[in-house]
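# Observations on chain architecture
This is what each chain is made of:
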Amino acid sequence: MQKIITGFHAVEERVRRAKEENSAGGIRIFYSKPGPRVKKILSAAEDAGIPCSVSDDAALDKLTEHLSAGARDHRGIVLCVENEKNAAENRVDFDQWVSEYAAVSDDVRVTVLVLDSVTDPHNVGAVIRSCDQFGAALIVLPESRGTNDVAGDEVIARTSAGASAWVPSAVVPNLVRAVQRLKEAGFWVYGADAGGTHADKINFPQKSVIIMGSEGTGIARLLSQQCDEIVSIPTCGKIDSLNVSVAAGVLLYELYRRTQK
């Protein structure tokens with residue numbers, strides 16, 4: 001199976017990952033417009049041992065024709081990965097991850113973000129970008145999200161600006177059971193919803209889980225019952241809610257800034 005990655009940020013991050021992991025095998029870059037940004041990527045690819053071939057826009061259009069409309073805008077450079085499923089994502093085994101982090105010292109802040117019924121890949125990608133910027137250790141996604149949707153994965157990689165190659169993600173069949181497992185490992189669980197305790201009033205423990213629900217239905221009832229507390233973001237606007245990716249960014253920053261004191 002061939003994986004196609006477009007977008008300057010996503011390509012750059014995949015090249016950087018290949019160099020750090022010494023895993024350039026099966027990766028090739030095709031380009032048609034050697035502008036300053038492309039030249040920078042080509043230089044990094046050469047350092048990583050990734051072969052690069054000059055092409056033309058028609059050939060790149062052909063390579064990307066099966067992608068979503070946004071991902072088809074290749075801007076003159078396309079990265080191809082052979083025989084690597086989910087090349088744009090840093091997938092981890094959930095149970096193994098929890099076992100490792102259960103033993104982490106309480107002096108270290110570990111933040112996990114759980115997405116419940118957030119199906120728009122643009123939102124998922126934006127959330128992953130915030131996870132990268134504010135140091136979330138893991139993002140947990142439900143298996144029902146349709147994680148084998150190639151077009152959706154490409155949108156996530158592009159919208160996350162390449163962060164999906166770095167932020168560990170776990171796909172689980174049952175979010176309720178996953179959250180229970182995190183609680184058993186010493187994590188406290190907070191569900192994001194209007195009417196909860198304002199985030200700046202909560203003394204978040206070092207091991208914290210934030211659950212974000214969809215803008216339409218919120219957090220599922222059984223999942224909400226697993227929460228130790230409901231957290232909300234104080235706002236002053238006229239509409240009733242923030243976009244889920246914006247809300248996730250605000251809450252992740254709230255936890256991150258506490259590590260900077």
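Treat the numbers as computed from the prediction; the structure is a model and nothing was measured.

Scoring rules and cut-offs
Residues numbered from 1 in each chain as written. Predicted model: local features only at pLDDT ≥ 70, side-chain atom pairs only at ≥ 80, totals over all residues. Heavy atoms only, no water. Helix = DSSP H or I, 4+ residues; strand = E, 2+ residues; numbered from the N terminus. Buried < 20%, exposed > 50% of the residue type's maximum accessible area, 1.4 Å probe, protein only. Areas by Shrake-Rupley, 256 points an atom, 1.4 Å probe, with all protein chains shown as cover. Expected span 1.5 Å × (residues − 1). Contact = heavy atoms within 4.5 Å. Core = buried A, V, L, I, M, F, W, Y, C linked by side-chain atoms within 4.5 Å. Phe/Tyr/Trp six-rings, centres within 6.5 Å; stacked < 30°, edge-to-face > 60°. Lys NZ or Arg CZ within 6 Å of the ring centre and 35° of its normal. Pairing = 2+ DSSP bridges. Axes fitted to C-alpha atoms, helices over the stretch in contact; angles between N-to-C directions. Parallel < 35°, antiparallel > 145°, perpendicular 65-115°, else oblique. Left-handed = near helix turned anticlockwise from the far one by under 90°. Nonpolar A, V, L, I, M, F, W, Y, C, P; charged D, E, K, R; others polar.

## Details of the overall build of the protein chain
Looking only at helices and strands, the protein chain has nine helices and eleven strands in total. In the protein chain, which comprises 261 residues, the proportion classed as buried is 48%. Accessible surface for the protein chain amounts to roughly 12,500 Å². Of this, 48% is attributable to carbon and sulfur atoms.

## Overview of helix 2 (residues 36-48)
The end-to-end C-alpha distance of helix 2 is 19 Å, a good match for the 18 Å that 13 residues give at a rise of 1.5 Å each. In this structure, the buried residues of helix 2 make contact with helix 1 (8-21), strand 2 (27-31), strand 3 (52-54) and strand 4 (77-82). Looking at the residues trailing helix 2, positive phi occurs at Gly49, about 80 degrees.

## Remarks on the nonpolar core
In this structure, Leu113, Leu115, Cys131, Ile139, Ile210, Met212 and Val231 are the most contacted members of the largest nonpolar core, which totals 27 residues. Considering every element that reaches this core, the biggest residue donor is helix 9 (residues 244-257), with six residues. Counting 23 residues, the second largest nonpolar core, distinct from the first, contains Phe94, Val140, Val209 and Leu223.

## Some words on the packing of aromatic side chains
What the rule picks out here adds up to five aromatic pairs. Each ring, one from Phe134 and one from Tyr256, has its centre 5.9 Å from the other, and the planes form 45 degrees; the classification is tilted. Pair noted here: Phe134 is in the loop between helix 5 (121-133) and strand 7 (138-142) and Tyr256 is in helix 9, with a separation of 122 residues, a long-range link. Under the relative-accessibility criterion, Phe134 is labelled partly exposed at 24%. Under the relative-accessibility criterion, Tyr256 is labelled partly exposed at 31%. Three or more aromatic residues joined by ring pairs make a cluster, and in this case those are Trp97, Tyr101 and Phe187. Over the face of the ring belonging to Phe187 we find Lys207, whose NZ or CZ atom lies 5.9 Å from the ring centre.

## A closer look at the sheet that holds strand 6 (residues 110-115)
Strand order in this open sheet of seven strands is 5-8-7-6-10-9-11, and the pairing throughout is parallel. In this open sheet, the two strands that pair with only one neighbour each are strand 5 (90-91) and strand 11 (229-232). Note that strand 6 and strand 7 share three bridges and pair parallel. Looking at strand 7, one finds that Leu113 is bridged to Ile139.

## Looking at the packing of helix 4 (residues 94-102) against helix 7 (residues 175-184)
Two elements in contact, helix 4 and helix 7, have axes separated by 10 Å at closest approach and are oriented at 15 degrees. When the axes of helix 4 and helix 7 are compared, the pair comes out roughly parallel. In the crossing of helix 4 with helix 7, the sense of the turn from one axis to the other is right-handed. Taking contact as the criterion, the partners of Phe94, Asp95, Trp97, Val98 and Ser99 in helix 4 are, on helix 7, Ala178, Arg181 and Leu182. The residue inventory of the contact of helix 4 with helix 7, partitioned by class, reads five nonpolar, one polar and two charged.

Honestly, it's all geometry; don't read function into it.
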